[in-house]
Amino acid sequence: MERIRLVGGHALSGELPISGAKNAALPLMIASLLTEEELVLRNVPRLADVRQLNLILENHGTSIEPVDSDPGFNGMGGQTLRFNTPSITSTTAPYDLVSAMRASFWVIGPLLAREHEAKVSLPGGCAIGTRPVDFYLDGLRALGAEIELDEGYVIARAPKGGLVGAKLRFPKVSVGATHVVMMAATLANGTTIIENAAQEPEIGNLAECLIALGARISGIGTPRLVIEGVEKLGGATFEVLPDRIETGTYAMAAAMTGGNILLRGARAENLRAALDVLELTGASVTDEDDGVRIIGPNGPIRPVDVETQPFPGFPTDLQAQFMALMTRSAGVSKIKETIFENRFMHVAELARFGADISVDGQVATIRGVNELRGAQVMATDLRASVSLIIAGLAAKGETIVNRIYHLDRGFERLEDKLRACGAEIERLDA
Ligand code: UD1
C-alpha cells in the first residue's frame, strides 16, 4: 500500500497551482447525463474520485474521451474531457460502483428526470457521520416521484409525463440534495422553487453549466433557486472552478510553516471566511492578479475559535486542516463542528505528533504546543488525511502517512505540488 514520507521544518515558498474543484467536477460530470448532446468539461482534476465517476457514467451509457492534455502550469494543469450520452443504457447504479463515493448517488437526479426512473444503491463515501439521503428523497417526491427502498437500493419513478415543478424547502442546507433536485428540476414540467438551497460556489458552478446547456435557472448564489423546466437540454463547453478546499488547505500549510506562497488560480471570494480566519492567526493574505498570496505569521500563530457553517461560513472541509494549524498556536482555541457529527477522527492521529486536543461532543479544544514531532499516522478520511500532511510539514523529523488512497481521492499531485514549494516529501510504494 502506498505511503507518503515527509520531513518537516521547511517553509513553503514559491507558486502552487490550484486544480479544478473535485466537488464541482463531480456534479458537472453527472449533469452530462441530462442531455443527449455533448458536454465538454475543462479543468477537470486528475483524481481517483473522477476516475470512479467515469466508471459509473459509463455504466449508464456515457462515453468519455480526453480532448487533449492541457498541461498548464508546470505540467500540473487540469484535463479536458468530452462526455456524450446519446441514450441512457441503464437506469441502475449498482452497489459495487456507488459504494465507494457518496456523490455517485447524485445520478438519481438526471436519470429520473431524463428516463423517468432510476434504481440507485444507497451511497458510501467518507465515514464522517450517518449522512442520510432523506432530503434528496423528499425533494424528488415533491417533484412527483414515487420512491421505495428495496434491499439497499432507492427505486424512484416519475409520473407518466415526467417530473412536475414544485415549491420545496430543505429543512437544513444540503449541498448534495440541492445539486440533485436542481438537476432533476431542469427537465420537469413547470417551475421549481428550492428554498434554503445550498449557496456553495460549486452549486453556482453547476447552475451556470446547466444554463449553458439550455436550462433556465435564477437565484444563483442565494438560498432561493428558481428553475423553469425545459423540454430538453443541448450541449456546451464549460470550465470547472478552482478548488477552494485545496486552496484553503495549502494556505494553512503555508501559514503553518511560516512560508510565502502564491496559490495560483485561486479565487479568494470563494473562501473568504477561511481566509479571514487565517488573517486572524497572524498570516497575511493578499489578492493578486493571478491568485492569492499567503505569508505565514511574522511571530507566533495566534489562536482563533472557529465554527463550521454552510457557505459563506467556515467550511467543514477545512476543519481538520485548521485544527492542524491550531496545534502550533500560542494559546488555546476551540473548533465547533456543526455540519457532521463524526468529523474529529483526525484528533487521535494529530495526537501522535504531540498535539494537545480534547473533544467534548461537537467541540474540540486545542492547546498549542511548542513543537510537533514526526510520527507514523493513518489517513482516515479525505480532508482528515491532509491535516496530517500539514502537521508533518511543521513537525520535527520524519512523518509517514499510511492509507493515502484517501488523499488521492481529492488532492491532485499533492506531493509534486508541495515538493515544488520546497517541502521534503515523497511517495513510497509499500
Ligand atoms: C458535500 C461535499 C462535502 C462537504 C459537504 C458539506 C461534495 C462531493 N461533497 O457533501 O465535501 O463536506 O457537502 O459542505 O460536494 N443531510 C441529511 N439528509 C440528507 C442530506 C444531508 O441529514 O438527505 C445532512 C448531512 O448528514 C450533513 C448535512 O446535511 O449533516 C450536510 O450534508 P450535505 O451538504 O448534504 O453534504 P454532501 O452533499 O454529502
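Everything here concerns the structure above.
Nothing here was measured: the structure is a model prediction, and the numbers come from that model.

What to know about the pattern of salt bridges
Evaluated as defined, the whole model comprises 28 salt bridges. Close ionic contact of arginine 272 with aspartate 276 constitutes a salt bridge, the shortest N to O distance being 3.7 Å. Taken together, the residues arginine 272 and aspartate 276, both in helix 9 (residues 272-280) and four residues apart, mark about one turn of the helix. Across the pair glutamate 349 and arginine 352 runs a salt bridge, and its minimum N-O distance is 3.5 Å. Judged by its relative accessible area of 11%, glutamate 349 falls in the buried class.

Describing the nonpolar core
What tends to happen in soluble globular proteins is that the nonpolar side chains get buried as a cluster. Core analysis: the biggest nonpolar cluster contains 79 residues, and Phe105, Val107, Ile108, Leu163, Met182, Ile194 and Leu210 have the highest contact counts within it. Apart from the residues within four sequence positions on either side, isoleucine 108 is in contact with Ala118, Val120, Leu140, Val154, Ala156 and Val180. Residues Leu12, Leu16, Leu278 and Val369 belong to the second largest nonpolar core, which totals 68 residues.

Digging into the sheet that holds strand 13 (residues 224-228)
Here we have four strands laid out as an open sheet, ordered 10-11-13-12, and mixed in their pairing. Edge strands, defined here as strands with exactly one partner in the open sheet, are strand 10 (167-169) and strand 12 (216-218). Across the sheet, the mean angle separating the axes of adjacent strands is 15° when strand polarity is ignored.

Focus on the packing of helix 1 (residues 22-31) against helix 2 (residues 48-59)
Contact pair helix 1 / helix 2: the axes reach a minimum separation of 10 Å and the direction vectors enclose 10°. Accordingly, the angle class assigned to the pair helix 1 and helix 2 is roughly parallel. Where helix 1 approaches helix 2, its residues Lys22, Leu26, Met29 and Ile30 are matched on the opposing element by Asp49, Val50, Leu53, Asn54 and Leu57. When the residues that make up the contact of helix 1 with helix 2 are grouped by side-chain class, the tally is six nonpolar, one polar and two charged.

Section: helix 2
For the α-helix, the turn length of 3.6 residues means that residues three or four positions removed from each other point alike. Relative to the 16 Å expected for twelve residues at 1.5 Å per residue, helix 2 spans 17 Å between its end C-alpha atoms, a close match to the ideal helical length. For helix 2, the full list of buried residues reads Asp49, Val50, Gln52, Leu53, Asn54, Ile56 and Leu57. Just past helix 2, the residue glycine 61 takes up positive phi, approximately 110°.

As for helix 5 (residues 134-142)
Taken residue by residue, helix 5 has Phe135, Tyr136, Leu137, Gly139 and Leu140 as its buried positions. Buried residues along helix 5 sit against helix 4 (108-115), strand 8 (146-150), strand 9 (153-157), strand 10 and helix 6 (175-186). Remark: glycine 144 follows helix 5 within two positions and exhibits a positive phi of approximately 100°.

Details of the site of the ligand
Every one of the 19 residues lining the ligand counts as a neighbour, but Asp134, Phe135, Ser174, Asp317 and Ile339 are closest to it. Take aspartate 134: an N or O atom from its side chain is 2.6 Å from a nitrogen atom of the ligand. A total of 740 Å² of accessible area belongs to the ligand in isolation, and the protein chains cover 90% of it. Taken together, the elements giving at least two residues each to the shell around the ligand come down to helix 5 and helix 6. The greatest single-element share of the shell around the ligand, amounting to three residues, is contributed by helix 5. Of the residues in the shell around the ligand, the class split is nine nonpolar, four polar and six charged.

What about the sheet that holds strand 22 (residues 376-378)?
An order of 22-23-1-24 is seen for the four strands of this open sheet, with the pairing classed as mixed. The open sheet has two free edges, formed respectively by strand 22 and strand 24 (424-428), since each of these has just one partner strand. Each neighbouring strand pair of the sheet contributes to a mean axis angle of 20°, computed without reference to strand direction. When strand 1 (residues 3-7) meets strand 24, the two strands line up antiparallel, connected through five bridges. Looking at the pairing, arginine 5 lines up with glutamate 426 of strand 24.

Criteria and cut-off values
- Residues numbered from 1 in each chain as written.
- Predicted model: local features only at pLDDT ≥ 70, side-chain atom pairs only at ≥ 80, totals over all residues.
- Heavy atoms only, no water.
- Salt bridge = Lys/Arg side-chain N within 4 Å of Asp/Glu carboxyl O.
- Helix = DSSP H or I, 4+ residues; strand = E, 2+ residues; numbered from the N terminus.
- Buried < 20%, exposed > 50% of the residue type's maximum accessible area, 1.4 Å probe, protein only.
- Core = buried A, V, L, I, M, F, W, Y, C linked by side-chain atoms within 4.5 Å.
- Contact = heavy atoms within 4.5 Å.
- Pairing = 2+ DSSP bridges.
- Axes fitted to C-alpha atoms, helices over the stretch in contact; angles between N-to-C directions.
- Parallel < 35°, antiparallel > 145°, perpendicular 65-115°, else oblique.
- Nonpolar A, V, L, I, M, F, W, Y, C, P; charged D, E, K, R; others polar.
- Expected span 1.5 Å × (residues − 1).
- Near = heavy atom within 4 Å.
- Polar contact = N/O pair within 3.5 Å; in protein donor to acceptor, adjacent residues only side chain to side chain.
- Areas by Shrake-Rupley, 256 points an atom, 1.4 Å probe, with all protein chains shown as cover.

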